[in-house]
Amino acid sequence: MPKMKTISAAKKRFDLTGTGKIKRKHAFKSHILTKKTTKQKRNLTHTGLMSAVDTPAVKLMLVK
C-alpha cells in the first residue's frame, strides 16, 4: 500500500493551530474591491476557523 500524500493545494491554504483547529483565509478579497464596503474588506482580511463539519476532511488532506 503506498503512503498517503499531502494534498499540495491544502497545505498552501490551511494551517493547523496548537489545539488542532484549522485556520483559513476568507475568500472574495482578491479583486473587484471597489463595490465592497470598507467594513466588508476589513472583515475579510482576518483569518477564520474552519467549521467543525469540514475539519475532518481537511485534516485528511493535510496528512503528513
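None of the values given here were measured: they were computed from a predicted structure.

## Concerning the overall build of the chain
Link 1 in the chain: From N to C terminus, the chain includes 3 helices and 3 strands.
Link 2 in the chain: Walking the chain from its N terminus toward its C terminus, one meets helices and strands in the order α-β-β-α-β-α.
Link 3 in the chain: For 64 residues, the compact-globule estimate of 2.2 N^0.38 gives 11 Å, and the chain exceeds it by more than 25% at 15 Å.
Link 4 in the chain: Seen through its principal axes, the chain has C-alpha atoms that stretch 50 × 25 × 20 Å.
Link 5 in the chain: Relative to its full complement of 64 residues, the chain shows a buried share of 16%.
Link 6 in the chain: Long-range contacts, defined as pairs at least 24 residues apart, comprise 57% of the intrachain contacts of the chain with a sequence gap of at least 6.
Link 7 in the chain: For the chain, the exposed surface amounts to about 5600 Å²; the carbon and sulfur share of it is 61%.

## Topic: the side chain of K36
Link 1 in the chain: Within the secondary structure layout, K36 lies in the loop between β2 (22-24) and α2 (38-45).
Link 2 in the chain: For K36, the side chain forms a polar contact with the main-chain oxygen of H31, separated by 3.4 Å.
Link 3 in the chain: From its side chain, K36 meets the backbone oxygen of I32 in a polar contact 3.3 Å long.
Link 4 in the chain: Aside from chain neighbours lying at most four places away, what touches K36 is F28, H31 and K41.

## Observations regarding the nonpolar core
Link 1 in the chain: Judged by nonpolar contacts, A10, F14, I22, M50, V58 and L62 together constitute the single largest core of 6 residues.
Link 2 in the chain: Here A10 is in contact with M61 and L62, once residues within four sequence places are set aside.

## Concerning a positive patch on the surface
Link 1 in the chain: Together, K11, K12, R13 and K64 make up a positively charged patch on the protein surface.
Link 2 in the chain: We classify K12 as exposed; its relative accessible area is 65%.

## A few points about the sheet that holds β2
Link 1 in the chain: The antiparallel open sheet is built from 3 strands, whose spatial order is β1-β2-β3. Here the strands that pair on one side only, and so sit at the sheet edges, are β1 (15-16) and β3 (48-49).
Link 2 in the chain: The pairing of β2 with β3 spans 2 bridges and is classified as antiparallel. Each bridged residue has a counterpart across the sheet, and for K23 the counterpart in β3 is L49.

Each value, and the rule that gives it
- Residues numbered from 1 in each chain as written.
- Predicted model: local features only at pLDDT ≥ 70, side-chain atom pairs only at ≥ 80, totals over all residues.
- Heavy atoms only, no water.
- Helix = DSSP H or I, 4+ residues; strand = E, 2+ residues; numbered from the N terminus.
- Rg over C-alpha atoms; globule rule 2.2 N^0.38 Å.
- Buried < 20%, exposed > 50% of the residue type's maximum accessible area, 1.4 Å probe, protein only.
- Contact = heavy atoms within 4.5 Å.
- Areas by Shrake-Rupley, 256 points an atom, 1.4 Å probe, with all protein chains shown as cover.
- Polar contact = N/O pair within 3.5 Å; in protein donor to acceptor, adjacent residues only side chain to side chain.
- Core = buried A, V, L, I, M, F, W, Y, C linked by side-chain atoms within 4.5 Å.
- Patch = residues over 30% accessible without salt bridge, like charges linked within 9 Å, V, L, I, M, F, W, Y side chains within 5 Å.
- Salt bridge = Lys/Arg side-chain N within 4 Å of Asp/Glu carboxyl O.
- Lys, Arg positive; Asp, Glu negative; His and termini not counted.
- Charge placed at Lys NZ, Arg CZ, Asp CG, Glu CD.
- Pairing = 2+ DSSP bridges.

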